[in-house]
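Survey of secondary and tertiary structure
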4 protein chains.
Amino acid sequence: MKRKIRMGMVGGGHGAFIGNVHRMAAALDSKIELVCGAFSSDPEKSRLSGEDLFVPADRVYKSYEEMIKTESTLPEDVRMDFVSIVTPNHVHFGPAKMALEYGFHVVCDKPLSFDMEEAHILQKLVKETGLIFALTHNYTGYPMVKQARHIIESGQLGKIRKVIVEYPQGWLSDLVEATDNKQASWRTDPKRSGIAGAMGDIGTHAENLAEYITGLKIEKLCADISIMVDGRLLDDDGSVLLRFDNGARGVLTASQICNGEENNLNIRVYGEKGGLQWHQMEPNTLLVKMQNNPTQVLRTGVGELSAAANAHTRIPAGHPEGYLEAFANIYRNVAICILARANGTTPDPIYTDYPTVDDGVRGMEFIYKVIESGKMEEKWLTM
Amino acid sequence: MKRKIRMGMVGGGHGAFIGNVHRMAAALDSKIELVCGAFSSDPEKSRLSGEDLFVPADRVYKSYEEMIKTESTLPEDVRMDFVSIVTPNHVHFGPAKMALEYGFHVVCDKPLSFDMEEAHILQKLVKETGLIFALTHNYTGYPMVKQARHIIESGQLGKIRKVIVEYPQGWLSDLVEATDNKQASWRTDPKRSGIAGAMGDIGTHAENLAEYITGLKIEKLCADISIMVDGRLLDDDGSVLLRFDNGARGVLTASQICNGEENNLNIRVYGEKGGLQWHQMEPNTLLVKMQNNPTQVLRTGVGELSAAANAHTRIPAGHPEGYLEAFANIYRNVAICILARANGTTPDPIYTDYPTVDDGVRGMEFIYKVIESGKMEEKWLTM
Amino acid sequence: MKRKIRMGMVGGGHGAFIGNVHRMAAALDSKIELVCGAFSSDPEKSRLSGEDLFVPADRVYKSYEEMIKTESTLPEDVRMDFVSIVTPNHVHFGPAKMALEYGFHVVCDKPLSFDMEEAHILQKLVKETGLIFALTHNYTGYPMVKQARHIIESGQLGKIRKVIVEYPQGWLSDLVEATDNKQASWRTDPKRSGIAGAMGDIGTHAENLAEYITGLKIEKLCADISIMVDGRLLDDDGSVLLRFDNGARGVLTASQICNGEENNLNIRVYGEKGGLQWHQMEPNTLLVKMQNNPTQVLRTGVGELSAAANAHTRIPAGHPEGYLEAFANIYRNVAICILARANGTTPDPIYTDYPTVDDGVRGMEFIYKVIESGKMEEKWLTM
Amino acid sequence: MKRKIRMGMVGGGHGAFIGNVHRMAAALDSKIELVCGAFSSDPEKSRLSGEDLFVPADRVYKSYEEMIKTESTLPEDVRMDFVSIVTPNHVHFGPAKMALEYGFHVVCDKPLSFDMEEAHILQKLVKETGLIFALTHNYTGYPMVKQARHIIESGQLGKIRKVIVEYPQGWLSDLVEATDNKQASWRTDPKRSGIAGAMGDIGTHAENLAEYITGLKIEKLCADISIMVDGRLLDDDGSVLLRFDNGARGVLTASQICNGEENNLNIRVYGEKGGLQWHQMEPNTLLVKMQNNPTQVLRTGVGELSAAANAHTRIPAGHPEGYLEAFANIYRNVAICILARANGTTPDPIYTDYPTVDDGVRGMEFIYKVIESGKMEEKWLTM
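A closer look at the overall build of chain A
A count of helical and extended segments in chain A gives 12 helices and 14 strands. The globule rule puts the C-alpha radius of gyration for 383 residues at 21 Å, and the 21 Å found for chain A is close to it. Seen through its C-alpha atoms, chain A measures out along the principal axes to roughly 65 × 50 × 40 Å. Counting over 383 residues, chain A shows a buried share of 64%. For chain A, restricting intrachain contacts to residue pairs at least 6 apart in sequence, the fraction spanning at least 24 positions comes to 70%.

Set out below in structure tokens:
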């Protein structure tokens, strides 16, 4: 049976950045409809947001608890299929756990949780329930990231030796959390963000991207973590030496005090036979550098690309697809998988590629190890 | 009253490129819902497309005539608000005219019509009915295009002297219309495309972009138009010398035989005090070059930009917004304007900026003049 | 016999831009020594310049006439081998003609001469004397320009269909000739520059580059030539439609009023099978775009390049070679050819590739035709 | 008195890469002439090289010892002014020490010496003799590097917080030293290169560039150094966490196994108010990124730049100057300083800016510390 997948949202009320991103991503392919939500911990704000989002008043809830409970009592062909969690880190665990317990699939923003314990509980619950749990490490949704992974997986670069991944931003170069900046305020607050600032917010994206593209695991790391802006409570800058499980070496930099940088996630991977580079701010380009050969500029939609790249591309070459499209690829894949589940069919494996709760646990481990290493006097910490 | 705007679609069945683009653009902001459609001239294809698009079976129509007539009989709070026309050029006029006559607003793909006569009729009808008519010259929906227009309008570059606009593509470098390429086939067919090939398909985009950004009008032109691929029936390459109404000179190149080019729309404008450059394939960047100063790299979402640029930006700097987002800006604006109309209010002027039937007529004039000039032995033709 | 080639210079005294360029280009490879000069029409200035340049006082001359006459009387192993002419256009012919008549080889700045008649006389003289005459259309000295020519010559792109060449500069956006700007002053003066301004100064470079790279000849042209800055006496902006002798079409733009542009010579060539692009401001890169394939970034010194490209490269990849190195390639080749001549040997053909008096005549024809076309009411002028 | 400065060269015979670079750099400005040399440890090769270089046979020496001794006996207005040492690392010390002892100025390739002890002896000797000793850390010769230093020095970026410097190359991705590759062979040989491979060859350039541009000193470092290619004897890849003396953090990567990279030296510096980026392969561009402002693209020769940048620029904007020109800036400055010394005058301070023996000692310290840190289990090593 063909039908739209029904989404309930936790968080994402007025003034939220990422909630709106999730909604646009979910809407883009017309495979998902927003049917209900608990958009704010403030019931009145939730109500107003629901109105703006054209959600029927009786399905705008005062809390995620109410939403999950009530929805679970609705007829099967009415109630939401999954919960989208777009709250700050400290409010991931509650709704995610409850949703899973009530049998709802989950899409959750990253990092997975406030702390490690929560992460493990969620991982266990997902395993027990068998429900779909997608984490929005959205950068792996880009077609050219899938192409990069394909190139390495297929052995084109030979054994990987070196990985340089960096995610510099500049927006926290001042103590903006002291002003009325909602985005900065919770991200720099240990009570809402967790033990890490930049490393949790964007360092995990870099870690996830590096491991996704290379298929390698970070085995050891050595971090220099710092707070550059006076008065800040969590790290805003860090660099990390990496050793991967195949012997490759690497460097990861994540920083929110790189003045003038926007969202400059960039990765370079070098193997025995060639290298590649991908840059989030020009995401439809993938440079492939085979030894003693001209660099090749692979472009979304041009020439022969992997099935995975093509399956995550919507429009012909030269019509730039961006951040929302990559984000939407996660939602689209989740929708396909939920529908297949509902119909008792098996989805095309090309669409089952989205970050999972295991990626989330991996990200939390990274956060813990990197912060621990930052305090150590020994060089290496095993991850 | 807040509500979603209801869209009916003509064309855009299976295999269509631009129909899908229109749907994603309309869906992105969750302000518009697709409520009905005549997706193909083949009723069975239309039915299947409707099913895939989750359109209720009773509102998937066999023809646009049926759609427009039937919808007009539905209750006001049910029937579509506007028709989106995404068919080849020769099927713009019919549904557009009928939609206007039945009181529906229209969003129509470019160029406006098959021939000049149709264009004038539509222009007249729009004037008479007062209905909203938007033409999807989507490139003007990019925030940095709005910024470019703002910069020139505000006099920052001084009097404009030179405009270089080009739109090279490579996808028609072979006689692909002889293969099973639906996109190529109608675009190169005089019976479906009109008197022009490349000049109609992409030359009008270049013309529209140049006039939009500069606020100038092309006054005279001198064109060299050619068919480079043997067996082709319409122009696939052309270059045009331009003289603008303020004395500025220019060059416009549009070509579909520039092998290796994707969708390389690019514009440079030079004035007495500075210049600027915008490039569609990296659309979030606008270069501003003031005399004897470092080039400035303006970026979507960074620093102080015009209200217009910001109003057409969805996400923070460094998260690339692309083609669909720019396209969606037209739909979003149309939705806002239709809602205001329905509510008897006046929309914020920042949202009334979308290409209209007048831009469409202008584009048709350009097509006619450029093709005529291509055949002339005199140099200049007044436009 | 191995020895340095001896150069005498006409022009290039204090304050000259291009004289210094010629000297650095000649010096770079230590194959040429500056042995004498008439550096200025002002004898005292000439003397002071000679002193700065470490030229023996008795070989610093008061005029080119004196230099050529005197040098011709010196012993064969002492006297200059060739004259380098680096004066404004109206002082090319005199020294060039006299040098040839006295049996000296010549390197001359472009354009060849002040007018067409001079050009033909020089061409005839070179033919009669058999002497070496090199014209410094220096851009063809870049390795990647040689590579571009090789790619097209070898048929890799198939039949050429389209050429877009442009040379925008911004330095004459104001009436700088009214200030104390030596470079601007003679270039905009009909008595010193000739019938053309921008078209002679840089338009000929663009024409030369296009014909050199493609191996095609411009057959017809249609020009729009203008003076954009009030008070200026010669063209400062122009665009030209081109038809080549194989049926290819093209556009050439040369302008000195493109505010914010430095020296942005850029060429794109498209053939039946692929395209290429070269850009003077990033000269070690050549983009090759084969149909339906990733763009290849060819780089000086990387991988397999043509013998011609490699023979004009001095240092390994990644160590950028620039304008002076390309310029020096002409001098180096001339030195090799003069030495071979002196030794009665045949130079390796790879080093005989430098612009000649015939390229100079071609450039003058281009200037004349483009200026004539600019005044015509008919579209096409045969070249 | 105006005269050319006389250079004697040690090394740089046939097949040498860097010897030729030094010669072109010295020749470019016609301020230096090559008067003598000991071009090879093989006297016959030295003789043949001398012949090719037009050095009089009686001043082509069999050894540097012979050269230095003999030259010191020549009349003052004939003998060389300085020695240029372009041999592999293990042959820097001998000729440098002897040259200083005989009263000759020295230009020496980097790194300063084979080991630390040699470095200190040379430093002491330079101090004692007061002679000019320049080390060819050539990258600091680029105008835009001088501009970057000026910007930071003038406080425009505020206090520096983060430095990312990297120098990836790919040419040692295979065991090319096992083939007949002269450049690879000595660089990977502990008996000729010293204790470090990539870190000595290019890591020191990165270190020197970072300290030159920022004016900061590396205080502590933590290195991960590796040999990626089996059979290699010295490091070919390394990444280093840096802490600077003002509290700034940094990362330095130098690698010769980054397949597909040419000579990709790149530096980014971020301060409290803005950041900047410079990239050796596009050396005429300097990006300046002030907080919440458009990135500014500073370009050699465009607009208002520092006196230092302009004094190291030869030709107008848009005519790319490259590696040899930057290298030549060191030689040009040395020539000016030697001449001033000879004339008993004081050179303009703008020309006294070249890397010295102290930079060389600093580089050797870096090499020792980085290699030591690579073997340590503790994280930080004080430099």
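Focus: the sheet that holds strand E4 (residues 105-108) of chain C
Residue and element names in this part refer to chain C. The strand order E2-E1-E3-E4-E5 describes an open sheet built from 5 strands, whose pairing is parallel. Either end of the sheet is taken by a strand with one partner, and the two such strands are strand E2 (32-38) and strand E5 (133-135). With direction set aside, neighbouring strand axes in the sheet form an average angle of 20°. As paired strands, E4 and E5 are joined by 3 bridges and run parallel to one another.

What about the interface of chain D and chain C?
Taken together, the 35 residues of chain D in the interface contact 35 residues of chain C. Put simply, the parts of the chain that give the side of chain D that touches chain C at least two residues each are helix H1 (18-27), helix H2 (43-52) and helix H11 (323-343) of chain D. Tallying contributions element by element places H1 of chain D first for the side of chain D that touches chain C, with 4 residues. Split into classes, the residues belonging to the side of chain D that touches chain C amount to 16 nonpolar, 6 polar and 13 charged.

Observations regarding the domain arrangement of chain A
Interfaces are often sized by the amount of accessible area the parts lose when they come together. Residue and element names in this part refer to chain A. Along its sequence, chain A is organised into domain 1 (5-131) and domain 2 (142-317 + 362-382). With centres defined by C-alpha atoms, the gap from domain 1 to domain 2 works out at 27 Å. On the side of domain 2, 13 residues touch domain 1, which itself brings 13 residues to the contact. Split by residue class, the side of domain 1 that touches domain 2 holds 7 nonpolar, 4 polar and 2 charged.

Quick word on helix H4 (residues 93-101) of chain A
All names here are of chain A. Those residues of H4 lying buried are Phe93, Pro95, Ala96, Ala99 and Leu100. Where H4 is buried, its residues meet strand E1 (5-10), helix H3 (64-73), strand E3 (82-85), strand E4 (105-108) and helix H5 (116-129). Where H4 ends, the next residue or the one after it, Gly103, has phi of about 90°, a positive value.

Let's talk about the relation of the copies chain A and chain D
Superposing chain A onto chain D requires a rotation of 180° together with a translation of 0.0 Å along the rotation axis, leaving an RMSD of 0.0 Å. Expressed as a symmetry operation, the mapping of one chain copy onto the other fits a two-fold axis. When you check the interface residues of chain A against chain D, 100% turn up at the interface there too, and the contact is symmetric in its surfaces.

Structural notes on the relation of the copies chain D and chain C
The operation relating chain D to chain C is a screw motion whose rotation component is 180°, with 0.0 Å of axial translation and a residual RMSD of 0.0 Å. Take the interface residues of chain D: 100% of them recur as interface residues in chain C, which is what a same-surface contact looks like.

Brief notes about the sheet that holds strand E5 (residues 133-135) of chain B
Residue and element names in this part refer to chain B. Reading across from one edge, E2-E1-E3-E4-E5 is the order of the 5 strands in this open sheet, with parallel pairing throughout. The sheet terminates laterally at strand E2 (32-38) and E5, the two strands that pair on one side only. Across the sheet, the mean angle from the axis of one strand to that of its neighbour is 20°, orientation sign disregarded. Pairing analysis gives 4 bridges linking strand E3 (residues 82-85) to strand E4 (residues 105-108), with the strands arranged parallel. Residue pairing across strands places Val83 opposite Val106, the latter belonging to E4.

Concerning H2 of chain D
All names here are of chain D. Here H2 has its buried residues at Ser46, Ser49 and Gly50. Along the axis of H2, the buried positions cluster into a sector of 100°, meaning they face one direction only. For H2, the exposed residues lying more than 90 degrees away from the buried face are Glu44 and Asp52. Backbone geometry just after H2 places Phe54 at a positive phi near 60°.

Some thoughts on the pairing of strand E3 (residues 82-85) of chain C
Residue and element names in this part refer to chain C. Of the two faces of E3, the one holding Phe82 and Ser84 and the one holding Val83 and Ile85 are both buried throughout. As defined by bridge partners, strand E1 (residues 5-10) adjoins E3 across 4 bridges and the pair is classed as parallel. The partner of Met9 across the bridge, within E3, is Ser84. Handedness of the β-α-β unit built from E3, helix H4 (residues 93-101) and E4 comes out right-handed.

Remarks on the packing of helix H1 (residues 18-27) of chain B against helix H11 (residues 323-343) of chain B
Residues and elements named next belong to chain B. Two elements in contact, H1 and H11, have axes whose closest approach is 8 Å; the angle formed by their N-to-C orientations is 70°. Here H11 runs roughly perpendicular to H1, going by the angle between their axes. Read as a crossing pair, H1 and H11 show a hand that is right-handed. Packed against H1, whose contacting residues are Val21, Met24, Ala25 and Ala26, the element H11 presents Leu324, Phe327, Ala328 and Tyr331 at the interface. The class makeup of the residues in the contact of H1 with H11 is 8 nonpolar, no polar and no charged.

Some words on the interface of chain A and chain D
Opposite the 35 residues of chain A that make contact, chain D presents 35 residues. Going through the elements one at a time, strand E6 (160-168), strand E7 (218-226), strand E8 (237-244), strand E9 (249-255), strand E10 (266-271), strand E11 (274-279) and strand E12 (285-290) of chain A are the ones with two or more residues in the side of chain A that touches chain D. Ranked by the residues each element gives to the side of chain A that touches chain D, the list is headed by E9 of chain A, at 4 residues. Its residues assigned to classes, the side of chain A that touches chain D shows 10 nonpolar, 13 polar and 12 charged.

Looking at the packing of helix H9 (residues 198-214) of chain C against helix H12 (residues 357-375) of chain C
Residues and elements named next belong to chain C. As a packed pair, H9 and H12 sit with axes 9 Å apart at the nearest point and diverge in direction by 115°. Note on packing geometry: the crossing formed by H9 with H12 is right-handed. On H12, the residues that touch Met199, Gly200, Gly203, Thr204, Glu207 and Asn208 of H9 are Asp359, Gly363, Phe366, Ile367, Val370 and Ile371. Its residues assigned to classes, the contact of H9 with H12 shows 5 nonpolar, 5 polar and 2 charged.

Thoughts on the nonpolar core
Counting residues in each nonpolar core, the largest one holds 495 residues, and the members touching the most others are Val106 of chain A, Val106 of chain B, Val106 of chain C together with Val106 of chain D. With residues near it in sequence (within four places) discarded, Val106 of chain D still touches Phe82, Val83, Ile85, Ala96, Ala99, Leu100, Leu131 and Phe133 of chain D.

A word on unusual backbone geometry
Across residues other than glycine, the phi torsion is negative in most instances, and most of the peptide bonds are trans. At the junction of Lys110 of chain A and Pro111 of chain A, the peptide bond is cis and its omega measures out at -10° in the coordinates. Topologically, Pro111 of chain A is positioned in the loop between E4 and H5. The phi dihedral of Ser30 of chain D is positive, around 55°, even though this residue is not glycine. Here Ser30 of chain D lies in the loop between H1 and strand E2 (32-38).

Looking at the pairing of strand E8 (residues 237-244) of chain B
Residues and elements named next belong to chain B. When you tally the buried positions in E8, you get 8 out of 8 residues, the bulk of the element. Burial along E8 is two-sided: the residues Asp237, Ser239, Leu241 and Arg243 and Gly238, Val240, Leu242 and Phe244 are all buried. In terms of strand pairing, strand E7 (residues 218-226) meets E8 through 8 bridges, oriented antiparallel. Counterpart to Cys222 in the pairing with E8 is Leu241.

Structural notes on the confidence of the model for chain A
Looking at chain A as a whole, its pLDDT mean stands at 97, while 100% of the residues score no less than 70. With pTM at 0.97, the complex prediction returns an ipTM value of 0.96.

Focus on the environment of Ile85 of chain C
All names here are of chain C. On the secondary structure map, Ile85 appears in strand E3. Placed 24 residues apart in sequence, Ile85 and Asp109 show a C-alpha to C-alpha distance of 6.1 Å. Non-local contacts of Ile85, meaning those with residues more than four positions away in its chain, are made with Val10, Gly11, His92, Pro95, Ala96, Val106, Cys108 and Asp109.

Some thoughts on the environment of Glu66 of chain A
Residues and elements named next belong to chain A. For Glu66, the location among the structural elements is in helix H3. For the pair Glu66 and Gly37, spaced 29 residues apart in the sequence, the C-alpha separation amounts to 9.9 Å. What Glu66 contacts, discounting residues up to four positions off in sequence, is Ala38 and Tyr61.

Thresholds applied
Residue positions within a chain follow its written sequence, with the count starting from 1. Throughout, the order in which chains and ligands are written sets their labels, letters from A for the former and numbers from 1 for the latter. Residue-level local features of this predicted model are given only where pLDDT is at least 70; pairs of side-chain atoms are given and counted only at 80 or more, and the full residue set underlies all totals for whole chains, interfaces and linings. Every helix listed is a DSSP run of H or I at least four residues long, and every strand listed is a run of E at least two residues long, numbered separately from the N terminus. A radius of gyration in this sense is built from C-alpha atoms; the matching globule rule multiplies 2.2 Å by the number of residues raised to 0.38. Around each residue's C-beta, the other C-beta atoms within 10 Å are counted; 20 or more make the residue buried, 12 or fewer make it exposed, and counts in between make it partly exposed. All C-beta atoms are placed from the backbone. Residues are scored as being in contact if the C-beta atoms we place from backbone atoms lie within 7 Å. One bridge is not enough; two strands pair if DSSP finds at least two bridges between them. Every angle, taken between N-to-C directions, lies between 0 and 180 degrees, and every axis is a line fitted to C-alpha atoms, over only the stretch in contact when it is a helix. Polar here means any residue outside two lists: the nonpolar Ala, Val, Leu, Ile, Met, Phe, Trp, Tyr, Cys and Pro, and the charged Asp, Glu, Lys and Arg; Gly therefore counts as polar. The domain limits used here are those given by an automatic or database domain assignment. Only residues with pLDDT of at least 70 in both copies count here: their C-alpha atoms drive the least-squares fit that superposes the copies. By arc we mean the arc of the directions from the helix axis to the C-beta atoms, nothing more. For crossovers, right-handed means that the path from the first strand over the helix to the second runs clockwise, given strands pointing away from the viewer. Working definition: roughly parallel below 35 degrees, roughly antiparallel above 145 degrees, roughly perpendicular at 65 to 115 degrees, and oblique for all remaining angles. Crossings are assigned a handedness: left-handed for a near helix turned anticlockwise from the far helix by less than a right angle, right-handed for a clockwise turn. Any set of buried Ala, Val, Leu, Ile, Met, Phe, Trp, Tyr and Cys residues joined through C-beta atoms within 7 Å is what this text calls a nonpolar core. Residue-level confidence of the predictor, termed pLDDT, takes values from 0 up to 100.

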